[in-house]
Amino acid sequence: MSQTKDNLTRVMPSAAPTEAEIEAWVALPRDEQVRRYREMFKHPDCNTFTTDTPDDILAAARKRVAARRHG
């Protein structure tokens, strides 16, 4: 249980958050949410161009979520 709680204290923006992640995110103060968004956008992947469409990205995210739920 403590690992789950620890993971939720480090919750980051996500394309497909769980209900627990949504609750943890909403519980964060606004300035902490903004800080975490800024941290996320500093990641090198945020500056990588892709030919994927938004639909491709959403489909891949949904596939990862489904695998996480069943794996």
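Rules behind the numbers
Counting from 1, residues in each chain are numbered in the order their sequence is written. Note on the predicted model: pLDDT of at least 70 is required for a residue's local features to be given, and 80 or more for side-chain atom pairs to be given and counted; whole-chain, interface and lining totals, by contrast, use all residues. Think of the side-chain values as coming from all heavy atoms in the structure, minus any hydrogens and water. Planes of paired rings set the category: under 30 degrees apart is stacked, over 60 is edge-to-face and the rest tilted, where pairs are Phe, Tyr or Trp rings (Trp by its six-membered ring) whose centres lie within 6.5 Å. Here a strand is any run of E in DSSP of at least two residues, a helix any run of H or I of at least four, and the numbering for each starts at the N terminus. Burial classes: relative accessible area under 20% of the type maximum marks a residue as buried, over 50% as exposed, and values in between as partly exposed (1.4 Å probe, protein chains only).

Peer 1: Which residues make up the packing of aromatic side chains, and what are the values?
Peer 2: For the structure shown, the criterion picks out two aromatic pairs. Ring geometry for Trp25 and Tyr37: centres 5.3 Å apart, planes at 80 degrees, overall edge-to-face. Taken together, the residues Trp25 in helix H2 (residues 19–27) and Tyr37 in helix H3 (residues 30–41) connect sequence positions twelve residues apart. Classification of Tyr37 by relative accessible area gives partly exposed; the value is 36%. Between Tyr37 and Phe41, the ring centres sit 6.3 Å apart and the planes meet at 15 degrees, which makes this aromatic pair stacked. Pair noted here: Tyr37 and Phe41 are both in helix H3, with a separation of four residues, about one helical turn. Phe41 sits in the exposed class, given a relative accessible area of 51%. In this structure an aromatic cluster arises from ring pairing among Trp25, Tyr37 and Phe41.

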